[in-house]
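# A look at the structure
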Amino acid sequence: MRIKAAIARLLGCINQLFPLTYLLLDRHFGNNNALQMARQLKLHLISKLRQDSALYFPYKPSNPEQKTKAKYGPRLHVGQIPAQY
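Computed from a predicted structure; not experimentally measured. (Residues numbered from 1 in each chain as written. Predicted model: local features only at pLDDT ≥ 70, side-chain atom pairs only at ≥ 80, totals over all residues. Heavy atoms only, no water.)

### Brief notes about the layout of surface pockets
In this approach a probe as big as a water molecule rolls over the atoms, and the regions it shows empty are the leftover space. As a reminder of what qualifies: Only protein atoms enter the 1 Å grid used here. Points where a 1.4 Å probe fits but cannot escape make up a cavity, open sets with protein on both sides within 12 Å along at least five of seven lines make up a pocket, and a residue lines them when an atom lies within 4 Å of a point. Grid points are joined across faces, edges and corners, and a volume is the space filled by probe spheres set on the points. Per the convention used, a helix needs a DSSP run of H or I reaching at least four residues, while a strand needs a run of E reaching at least two, with both numbered from the N terminus. Residues are sorted three ways: Asp, Glu, Lys and Arg are charged, Ala, Val, Leu, Ile, Met, Phe, Trp, Tyr, Cys and Pro are nonpolar, and all the rest, Gly among them, are polar.
Taken as a whole, the largest pocket spans an internal volume of roughly 380 Å³. Looking at the largest pocket, it is lined by 16 residues, and the ones nearest its centre are G30, N31, N32, L49 and L55. Elements with a contribution of two residues or more to the lining of the largest pocket: α2 (32-40), β2 (44-46) and β3 (55-58). Residues belonging to the lining of the largest pocket are distributed by class as follows: eight nonpolar, five polar and three charged.

Here it is, written out as structure tokens:
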């Protein structure tokens, strides 16, 4: 909350001169909470992912009528990213 308040004050001063689009933070902030904070401030986050981060593809049910509570699809392995991405 303190970081968000500090960034909001800074944006209040800087946005009068020129609009900002990106927020650059270090690896410690490469998580979902920091991303949500940046999006609430209408900014895009640029950061390295934390070492313990896990990325997943979106869940796509094999049967569209199937109702499941699955949130994630298969896990993304950085060394094996499909060519389409």
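### Brief notes about unusual backbone geometry
A positive phi is found at K42, a non-glycine position, where the angle reads about 60 degrees. Relative to the helices and strands, K42 is located in the loop between α2 and β2.

### Some details on the environment of G73
Defined as follows: The cut-offs for exposure are 20% and 50% of the maximum accessible area for each residue type, with area from a 1.4 Å probe on protein chains only; residues under the lower value are buried, those over the upper are exposed, and the others partly exposed. Residue contacts follow a heavy-atom distance rule, with two residues in contact if any of their heavy atoms lie within 4.5 Å.
Take G73: it is sitting in strand β4 (residues 72-76). The buried category is assigned to G73, whose relative accessible area is 17%. Beyond its immediate stretch of four places on either side in the chain, G73 contacts Y56, F57, P58 and Y59.

### A closer look at the nonpolar core
Inclusion rule: We define the nonpolar core as a collection of buried residues of types Ala, Val, Leu, Ile, Met, Phe, Trp, Tyr and Cys that are connected through side-chain atoms lying within 4.5 Å of one another.
By size, the foremost hydrophobic cluster in this structure holds eight residues: I7, L11, L23, L25, M37, A38, L41 and L43. For this core, the elements supplying multiple residues, two or more each, are α1 (2-14) and α2. Non-local contacts of L43, meaning those with residues more than four positions away in its chain, are made with I7, L11, L20, T21, Y22, L23 and A38.

### Points about a nonpolar patch on the surface
Put simply, the rule reads: Patch membership needs two things, relative accessible area over 30% and no salt bridge, and members are linked within 9 Å if like-charged or within 5 Å if nonpolar (Val, Leu, Ile, Met, Phe, Trp, Tyr). Under the convention used here, a 1.4 Å probe and the Shrake-Rupley method define accessible areas, while residue burial counts only the protein chains that appear. The term salt bridge refers to a side-chain nitrogen of Lys or Arg lying within 4 Å of a carboxyl oxygen of Asp or Glu.
Side chains of L17, F18 and L20 sit close together on the surface and give an oily, nonpolar patch of about 310 Å² of accessible area. Mapped onto the secondary structure, L17 falls in the loop between α1 and β1 (22-24). On the accessibility criterion, L17 (69% relative accessible area) is exposed.

### Thoughts on the confidence of the model for the chain
Stated precisely, the cut-off is as follows: Known as pLDDT, the predictor's confidence for each residue is given on a scale from 0 to 100.
Confidence in the prediction of the chain, expressed as mean pLDDT, is 85, and 100% of residues score 70 or more. Taken element by element, the chain is modelled with least confidence in β3, mean pLDDT 84, and with most confidence in β2, mean pLDDT 94.

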